[in-house]
Amino acid sequence: MKAIRIGLFFLIATCLIQAGPASPEPVVFVASSPCDIIPRGMLSIPAEISCEFIKWRLALQRDPRNQLPTTYTLKYTYGMTKPSTMDFLNGGTSLEKTGKWVIRKEAGNREVFVLNPDTPEAAISFVRLDDKLLHLLDREGRLMIGHAGWSYTLNRK
């Protein structure tokens, strides 16, 4: 009887280990940024479309077993501002990008989060300022500079 209980215990333990822990909630960052030429290109926003600002919602997923980056979902809305509000005129245009992301370690312990690392022409990079802040980088890896109304810093939600 004792051998059966021990065998049953190992069978249940093996099943639980193989199932692994539940997928953790993604880490979410949000921001509003200017709709300048560089983010327009990164997000494939047509040049002929009127656009003053972009609202970003970036969700980063990690593997629960080892905390390595896995997938991302970037939801964004762009368009013209609705006067005297924080919203878009006519609701703006909302789109979504998904894919793989990685963390690159650079000189000076700088951590860069790269969306779509396997396709450089579609890559979007952010430098991790701390656990609560990411900042958009241009194609040369430099910090994007905002203005009085909006910045390129994403805040953890």
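Before reading further, recall that the structure is shown in the block above.
In this report, we go over the structure that sits alongside the text. Small disclaimer: the values here were computed from a predicted structure and weren't measured. (Residues numbered from 1 in each chain as written. Predicted model: local features only at pLDDT ≥ 70, side-chain atom pairs only at ≥ 80, totals over all residues. Heavy atoms only, no water.)

**Here we look at the overall build of the protein**
Turning to step 1, where the next piece is worked out: Helix and strand content of the protein: 2 helices and 8 strands.
Turning to step 2, where the next piece is worked out: When each of the 157 residues of the protein is scored for burial, the buried share is 32%.
Turning to step 3, where the next piece is worked out: A separation threshold of at least 6 residues defines the contact pool for the protein, and within that pool the share at least 24 residues apart is 46%.
Turning to step 4, where the next piece is worked out: By element, 58% of the accessible surface of the protein is carried by carbon and sulfur atoms, the whole surface being about 9,900 Å². (Helix = DSSP H or I, 4+ residues; strand = E, 2+ residues; numbered from the N terminus. Buried < 20%, exposed > 50% of the residue type's maximum accessible area, 1.4 Å probe, protein only. Contact = heavy atoms within 4.5 Å. Areas by Shrake-Rupley, 256 points an atom, 1.4 Å probe, with all protein chains shown as cover.)

**A short note on the environment of valine 114**
Turning to step 1, where the next piece is worked out: With respect to the helices, strands and loops of the structure, valine 114 is situated in strand E5 (residues 110-115).
Turning to step 2, where the next piece is worked out: Taking C-alpha positions, valine 114 is 8.7 Å from valine 127, a pair spaced 13 residues apart along the chain.
Turning to step 3, where the next piece is worked out: Those residues in contact with valine 114 that sit more than four places away from it in its chain are Lys100, Trp101, Val102, Arg104, Ala123, Ile124 and Ser125.

**Details of the side chain of aspartate 63**
Turning to step 1, where the next piece is worked out: Note that aspartate 63 resides in the loop between strand E2 (53-62) and strand E3 (69-79).
Turning to step 2, where the next piece is worked out: For aspartate 63, a relative accessible area of 13% gives the class buried.
Turning to step 3, where the next piece is worked out: Looking at aspartate 63, its side chain comes within polar contact range of the main-chain nitrogen of arginine 65, at 2.8 Å.
Turning to step 4, where the next piece is worked out: For aspartate 63, the contacting residues outside a window of four places in its chain are Leu68 and Thr70. (Polar contact = N/O pair within 3.5 Å; in protein donor to acceptor, adjacent residues only side chain to side chain.)

**Examining the pairing of strand E4 (residues 93-106)**
Turning to step 1, where the next piece is worked out: Two elements, E3 and E4, share 8 bridges in a ladder whose sense is antiparallel. By the bridge assignment, tyrosine 72 is partnered in E4 with glycine 99.
Turning to step 2, where the next piece is worked out: Remark: 3 residues form the turn of the hairpin made by E4 and E5, two consecutive strands paired antiparallel; glycine 108 in that turn has positive phi of roughly 70 degrees. (Pairing = 2+ DSSP bridges.)

**Describing the pattern of salt bridges**
Turning to step 1, where the next piece is worked out: Enumeration over the complete set of coordinates arrives at 9 salt bridges.
Turning to step 2, where the next piece is worked out: Where arginine 65 meets aspartate 63, a salt bridge forms, and the shortest distance between an N and an O atom there is 2.8 Å.
Turning to step 3, where the next piece is worked out: Between aspartate 131 and arginine 128 there is a salt bridge, with its nearest N and O atoms 2.8 Å apart.
Turning to step 4, where the next piece is worked out: We classify aspartate 131 as exposed; its relative accessible area is 54%.
Turning to step 5, where the next piece is worked out: Among the ionic contacts, a cluster of salt bridges with common partners joins Lys105, Glu111, Arg128 and Asp131. (Salt bridge = Lys/Arg side-chain N within 4 Å of Asp/Glu carboxyl O.)

**Description of the nonpolar core**
Turning to step 1, where the next piece is worked out: Within the largest apolar cluster, 25 residues are counted, with the highest numbers of intra-cluster contacts made by Ile54, Trp56, Leu58, Leu60, Leu74, Leu115 and Phe126.
Turning to step 2, where the next piece is worked out: If you list the elements that add at least two residues to this core, you get strand E1 (27-34), E2, E3, E5, strand E6 (124-130) and strand E7 (133-136).
Turning to step 3, where the next piece is worked out: In this structure, phenylalanine 126 is in contact with Trp56, Leu58, Glu111, Val112, Phe113, Leu115, Leu134, His135, Leu136, Leu137 and Leu154, ignoring residues within four places of it in sequence. (Core = buried A, V, L, I, M, F, W, Y, C linked by side-chain atoms within 4.5 Å.)

**Description of the pairing of E5**
On any regular strand, side chains alternate: one points to one face of the sheet, the next to the other face.
Turning to step 1, where the next piece is worked out: Within E5, 5 of the 6 residues are buried, which leaves it mostly tucked inside the rest of the structure.
Turning to step 2, where the next piece is worked out: Inspection of the sheet shows E4 paired to E5 by 6 bridges, in the antiparallel sense. Following the sheet pairing, lysine 105 is matched in E5 by glutamate 111.
Turning to step 3, where the next piece is worked out: Bridge count for E5 against E6 is 4 bridges, and the pairing is antiparallel. Considered in E6, the bridge of valine 114 is made with serine 125.

**Comments concerning unusual backbone geometry**
Turning to step 1, where the next piece is worked out: One non-glycine residue, serine 44, adopts positive backbone phi at about 60 degrees.
Turning to step 2, where the next piece is worked out: As for its placement among the helices and strands, serine 44 is situated in the loop between helix H2 (37-42) and E2.
Turning to step 3, where the next piece is worked out: The exposure class assigned to serine 44 is exposed, which follows from its relative accessible area of 54%.
Turning to step 4, where the next piece is worked out: Phi at glutamine 67 is positive, roughly 65 degrees, even though this residue is not glycine.
Turning to step 5, where the next piece is worked out: Here glutamine 67 lies in the loop between E2 and E3.

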